[in-house]
Amino acid sequence: MIRKTFSVAALGAASLLVLAGCAGTGGEQDDASGSGVLQVVASTSVWAQIAEEIGGDAVDVTAIVSSTAQDPHAYEASARDQLAVQRADLIIENGGGYDPFIDALIEASGSDAPVITAVRESAEWPDDAGHDEADDADHDHDHDHDHDHDHVKGFNEHVWYDPHTVEHVAEAIADALTDLRPDDAAVFQDNLAGFADGIEGLEADLADLAAAHNGEGAFVTEPVAAYLAAAAGLVDRTPAAFSEAVEEGQDVPPATLLEALDILASGDVAVVVVNAQTGGAETTQIIDAAASDGLPIVEMTETLPDDTTYIEWMQDNIAALAAALDA
């Protein structure tokens, strides 16, 4: 979603003066805070929580966007955010145009810390030749500054709803932390193995859903959960022009809205999935029509709920989807 771009220059000269007196850029120190742990900055709480799982006690993780009340697409960074990035030993961004504020912060802070860009771990990413189960063990992870700022037409950047991609991001985090702290390599690999077990459980649950509901229709108002729906064997019946308009914060064309309402009434949709953090008048109309037609509605969020791990969050999402489809 590309609703607003952010320039760190908007923080003003006063913020830059404050930051100028702070510790040097990431990668030069065991950790800039002096706490004895690696400083990791992630653009959202999703990637932050996964970094905590992999890094354990060896990391101190900061999430720039940390609340379900915040819209990552429209987030305006602060001087505190810039300071966190400046002090980071490792930075994790989503990429694909989802979180451009983190790229602006990296540039403004002068950080030379390694950057993990999650979209590049997806087999769907157009610059990736793709990878499958056969070559997972040999999949390389790049941790350089060649990250991806812009939305790519036709690519769904909400890759954290694809457990397989998330496992590759976790591997990249483990590799990067090992490069920074080789003495803790065994700890990082053990934590990664535990996380991978959780991913395996998610994929098994999704396979069960696909076996029971393969080919059933889903209306996904905005692409945030599209990967999860596809893994559950569902066919996206949403008009592309509808989901694209909602994703970009634009009005849905009247003809497209009419088409969407006709699809809901056709009997070809088994469940409606909505993004609880974004929407508009047209999304409300879809929800009202679905309720009127007796269609189950599942809400999913973009960012991690408080006091929840990534695995728990996805388990809850899959369970909600299963309950709706079985209703």
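Not measured: the values here are computed from a predicted model.

Asks: Please clarify how the sheet that holds strand 6 (residues 235-236) should be interpreted in this entry.
Replies: In a beta sheet, neighbouring strands pair by backbone hydrogen bonds and run either parallel or antiparallel. The strand order across the open sheet built from four strands is 6-5-7-8, with neighbouring strands paired in parallel fashion. Of all strands in the sheet, those with a lone pairing partner are strand 6 and strand 8 (297-300), marking the two edges. Here strand 7 (residues 271-275) runs beside strand 8; their pairing, made up of four bridges, is parallel. Its bridge partner lying in strand 8, V273 is registered against V298.

Asks: What should I look at first to understand the pairing of strand 5 (residues 217-220) in this one?
Replies: One face of the sheet, then the other: side chains in a regular strand alternate in exactly this way. Of the two faces of strand 5, both are covered, the one formed by G217 and F219 as well as the one formed by A218 and V220. In terms of strand pairing, strand 5 meets strand 6 through two bridges, oriented parallel. Across the sheet, the residue bridging to G217 is V235, located in strand 6. For the handedness criterion, the β-α-β arrangement of strand 5, helix 7 (residues 226-231) and strand 6 is classed as right-handed. Pairing geometry for strand 5 and strand 7, over three bridges, is parallel. Looking at strand 7, one finds that A218 is bridged to V271.

Asks: Can you walk me through the nonpolar core in this structure?
Replies: In a soluble, globular protein the nonpolar side chains are often hidden away together inside. Within the largest apolar cluster, 62 residues are counted, with the highest numbers of intra-cluster contacts made by W47, I50, Y161 and Y310. If you tally residues by element for this core, the top one is helix 11 (residues 310-326), at nine residues. Apart from residues lying up to four places away in sequence, W47 is in contact with A42, I92, N94, A118, V159, W160, V166 and V169. With 16 residues, the next largest nonpolar core counts F219, V246, A260 and V272 among its residues.

Asks: How should I be thinking about the sheet that holds strand 1 (residues 38-44) in this particular structure?
Replies: The strand order across the open sheet built from four strands is 2-1-3-4, with neighbouring strands paired in parallel fashion. The outermost strands of the open sheet, each flanked by one partner alone, are strand 2 (59-65) and strand 4 (115-117). Strand-to-strand twist of the sheet, defined as the mean angle between neighbouring strand axes without regard to direction, takes the value 20°. As paired strands, strand 1 and strand 3 (residues 90-93) are joined by three bridges and run parallel to one another. Bridged to V40 within strand 3 is L90. Here helix 3 (residues 79-87) sits on the sheet and contacts strand 1, strand 2 and strand 3; the angle it forms with strand 1, its principal contact strand, is near 135°.

Asks: For this particular structure, what's the right way to read helix 10 (residues 281-292)?
Replies: Each α-helix winds once per 3.6 residues, and so residues spaced three or four apart point in a common direction. Taking 1.5 Å per residue as the helical rise, helix 10 with its twelve residues ought to reach 16 Å, and the 16 Å between its terminal C-alpha atoms agrees with that figure. Where helix 10 is concerned, the buried positions are E282, T283, I286, A289 and A290. Down the axis of helix 10, the buried set is contained in an arc of 125°. They therefore lie on one face. Residues of helix 10 that are exposed and point more than 90 degrees away from the buried face comprise A281, A291 and S292. G294 sits one or two residues past helix 10 and shows a positive phi near 80°.

Asks: Would you take a moment to explain unusual backbone geometry for this structure?
Replies: With the exception of glycine, the majority of residues adopt a negative phi angle, and the majority of peptide bonds are in the trans configuration. Its identity as a non-glycine residue notwithstanding, D307 has a phi of 55°, on the positive side. Relative to the assigned elements, D307 resides in the loop between strand 8 and helix 11. Taking relative accessible area as the criterion, D307 reaches 81% and is therefore assigned exposed.

The rules behind the values
- Every chain is numbered on its own, with residues counted from 1 as its sequence reads.
- At least 70 in pLDDT is required for a residue's local features to be given in this predicted model, at least 80 for side-chain atom pairs to be given and counted, and no such filter applies to totals for whole chains, interfaces and linings, which use all residues.
- Side-chain numbers come from the whole structure's heavy atoms, not from hydrogens or water.
- At least two bridges found by DSSP between two strands is the condition for calling them paired.
- Runs of H or I in DSSP of at least four residues are treated as helices and runs of E of at least two as strands, each being numbered from the N terminus.
- Categorising residues by exposure relies on relative accessible area from a 1.4 Å probe, with only protein chains included: less than 20% of the type maximum marks a residue as buried, more than 50% marks it as exposed, and the intermediate range marks it as partly exposed.
- Clockwise travel from the first strand over the helix to the second, with the strands pointing away from the viewer, marks a crossover as right-handed.
- Throughout this description, the term nonpolar core refers to a set of buried Ala, Val, Leu, Ile, Met, Phe, Trp, Tyr and Cys residues connected via side-chain atoms within 4.5 Å.
- Whether two residues are in contact is decided by their heavy atoms: any pair within 4.5 Å suffices.
- Fitted lines through C-alpha atoms give the axes, limited to the stretch in contact for helices. The angle between two N-to-C directions lies from 0 to 180 degrees.
- A helix is expected to reach a length of 1.5 Å times the quantity of its residues less one.
- Along the arc lie the directions from the helix axis toward the C-beta atoms.

So far we have only geometry, and geometry alone does not tell us how the molecule works.
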